[in-house]
Amino acid sequence: LVLFVLAAIGSLAAQPASTPAKLRLKVTPDRSDALYHVGETVTFTVEAHAAGTPVEGTLSCVLSKDGVAAQPAQEVSLQQGRATVTGRLEEPGFLQ
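Because the structure is a prediction, the values reported are computed rather than measured.

Caption draft 1: Summary view of the confidence of the model for the chain. Looking at the chain as a whole, the pLDDT averages 83, with 80% of positions reaching at least 70. Confidence, read as mean pLDDT per element, is least for helix 1 (residues 10–13) in the chain (47) and greatest for strand 8 (residues 82–87) (96). Of the regions scoring below 50 in pLDDT, residues 1–13 engages in 40 contacts with residues more than four places distant in sequence or in other chains.

Caption draft 2: Spatial organisation of the nonpolar core. Counting residues in hydrophobic clusters, the biggest one holds 15 residues, and the most contacted among them are V76, V85 and L95. Counting residues per element, the ones that place at least two in this core are strand 2 (42–50), strand 4 (57–61), strand 7 (74–78) and strand 8. Here this core gets five residues from one element, more than from any other, and that element is strand 2.

Caption draft 3: Summary view of unusual backbone geometry. Backbone geometry places A51, a non-glycine residue, at a positive phi of 55°. Look at Q80: it is not a glycine, yet its phi comes out positive at around 55°. As for its position among the elements, Q80 is in the loop between strand 7 and strand 8. The class for Q80 is exposed, based on a relative accessible area of 66%.

Caption draft 4: Looking closely at the environment of V76. Tracing the sequence through the fold places V76 in strand 7. Looking at V76, the relative accessible area reads 11%, which means it is buried. Here the alpha-carbon distance between V76 and S60, two residues 16 residues apart in the chain, equals 6.5 Å. Setting aside anything within four residues of it in sequence, one finds V76 in contact with G57, T58, L59, C61, A83, T84 and V85.

Caption draft 5: Fine view of the environment of V46. Mapped onto the secondary structure, V46 falls in strand 2. Spatially, the C-alpha atoms of V46 and T28 are 6.8 Å apart, while their sequence positions differ by 18 residues.

What counts and what doesn't
- All residue numbers refer to position in the chain's written sequence, counted from 1.
- Per-residue local features of the predicted model are confined to residues with pLDDT of at least 70, and side-chain atom pairs are confined, for both listing and counting, to 80 or more; whole-chain, interface and lining totals are unaffected and use all residues.
- Hydrogens and waters are ignored; side-chain quantities use all the structure's heavy atoms.
- Confidence scores here are pLDDT values: one per residue, from the predictor, ranging 0 to 100.
- Strands are runs of DSSP state E lasting at least two residues, helices are runs of H or I lasting at least four, and both sets are numbered from the N terminus onward.
- Contacts were defined at the residue level, with two residues in contact if any of their heavy atoms lie within 4.5 Å.
- In this description, a nonpolar core means a group of buried Ala, Val, Leu, Ile, Met, Phe, Trp, Tyr and Cys residues linked to one another through side-chain atoms lying within 4.5 Å.
- Buried means the residue's accessible area, taken with a 1.4 Å probe over protein chains only, is under 20% of the maximum for its type, while exposed means over 50%, and partly exposed covers the values in between.

Now the structure itself:
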């Protein structure tokens, strides 16, 4: 449903170079069916974990219409491994 581009996550930089942690992102919309009317705001919850530990830091998120028309990047702070990102479309399409 959504495409996220990772810019920087502070706690991953603290990992030793010899043991890189795998970052796991889970993104869920605020509605289980993920269906919205034109102009409605969608709130996505982003969860980030590395080696089972919540990640702290900054995430740069880019949403797009149908994977093509990118919206401006949103910088969000992960706190206890969670952040929210919002977006909407003013015409029919898939917010990715």
